[in-house]
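# Coordinates in review
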Amino acid sequence: LNEEHHGRKEELRRVNSDLANLLGSVQIAIVIVAGDLRIRRFTPMAERVLNLIPGDLDRPIGHIKPNIDCPDLEALILESIDLVAPVEREVRDRSGHWYSLRIRPYKSVDNKIDGAVLTLFDIDVTKRSEQRLRMAKEYSDALLDLVDQPIAVLDAGLRVLVASERFARVLGKTIDAIVGRHVADLPGAWKLAALHERILAAGGAIPFSRFMELC
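The structure presented is a predicted model; accordingly, all values stated were derived computationally and were not measured. (Residues numbered from 1 in each chain as written. Predicted model: local features only at pLDDT ≥ 70, side-chain atom pairs only at ≥ 80, totals over all residues. Heavy atoms only, no water.)

### As for helix 3 (residues 73-83)
By the burial criterion, the buried members of helix 3 are Leu 73, Leu 76, Ile 77, Ser 80 and Ile 81. Summarising the axial view, the buried residues of helix 3 lie within an arc of 135°, below the 170-degree limit, and thus occupy one face. Those residues of helix 3 that are exposed and aimed more than 90 degrees away from the buried face are Asp 82 and Leu 83. Among the structural elements, strand 1 (29-33), strand 3 (87-92), strand 4 (98-107) and strand 5 (113-122) are those in contact with the buried residues of helix 3. (Buried < 20%, exposed > 50% of the residue type's maximum accessible area, 1.4 Å probe, protein only. Helix = DSSP H or I, 4+ residues; strand = E, 2+ residues; numbered from the N terminus. Arc of directions from axis to C-beta. Contact = heavy atoms within 4.5 Å.)

### Focus on the layout of surface pockets
If a probe the size of a water molecule is rolled over the atoms, the empty space left behind becomes visible. Within this model, the second largest pocket holds a volume of roughly 170 Å³. Every residue along the wall of the second largest pocket is listed here: Ile 61, Gly 62, Ile 64, Pro 66, Ile 68, Asp 69, Cys 70, Pro 71, Leu 73, Glu 74 and Arg 94. (1 Å grid on protein atoms, 1.4 Å probe; cavity = no way out; pocket = protein on both sides within 12 Å on 5 of 7 lines; lining within 4 Å. Points joined across faces, edges and corners; volume = space filled by probe spheres on them.)

### Concerning the sheet that holds strand 3
Read from one edge to the other, the open sheet built from five strands follows the order 2-1-5-4-3, with strand pairing classed as antiparallel. Looking at which strands have only one partner, the edges of the open sheet turn out to be strand 2 (39-42) and strand 3. For this sheet the average axis-to-axis angle between neighbouring strands, irrespective of direction, equals 20°. Sheet topology places strand 1 next to strand 5; five bridges connect them, and they run antiparallel. In the strand pairing of strand 5, Ala 29 is matched with Leu 120. Helix 3 rests against strand 1, strand 3, strand 4 and strand 5 of the sheet, and its axis sits at about 40° to strand 4. (Pairing = 2+ DSSP bridges. Axes fitted to C-alpha atoms, helices over the stretch in contact; angles between N-to-C directions.)

Here's what the structure looks like:
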C-alpha cells in the first residue's frame, strides 16, 4: 500500500511538473478558473496581459483589475459555463492593443464542467489593418461625393470596386446595384477588349468621355 501510495504521489508530481512546464512555455495568455470563478492557473503571458501576480491564485477573478477593458468578464465566463458553449469578444488593453478573448468551458477527465478556460490572442495588427482599410474607403467615398463627375474604379477583372453617384445616375442604377458587378453586366453593350486595352494603356484610368465611347 505504501509503495502504491508513493507511486501515485510520484505520478501526480510528474503530471504537475509537466503541466507547469507546458503552461510556462506557451506564449499565449491563458487563465483557468474553477467553477466558483477562482483563478486556478495562468500562463506567464497572462501575468502581463491581464495584470496578474502569483498571489492572485485562488482569488475570484472578479476581485482583480485586469489590464483589459472587459467590465462584464465574470458574466461572460458564467455564460460560457451555463451554456456549455464558447464565448468570444474583441477587447483592448489600457494602451489600446487589441485581443480576441475566447472563453470555453473547462471539462474534467470524467467530462464534467468544472470552470472555464480563458485565452487571449493578439489580433492588433489585423484589427488596425481593418481600421485603416475602413478609413481609406470612407475617405475615397467622401472624395467621390465631392467630385461631381461620373467616376468608377475597376479591378483587374473589370469589376466595379467603387462608383460615384453621378456614374450610377448616368447608367440609371444605384451605387449598390453597380459595385461588385462586371462591366459586361452593366447597362449597354460594352466593348470589353477595347475597354481593357485603353485601361491598361492609361495605367488604370481613362476619362469618362472615352469610357462611354466604348459602350
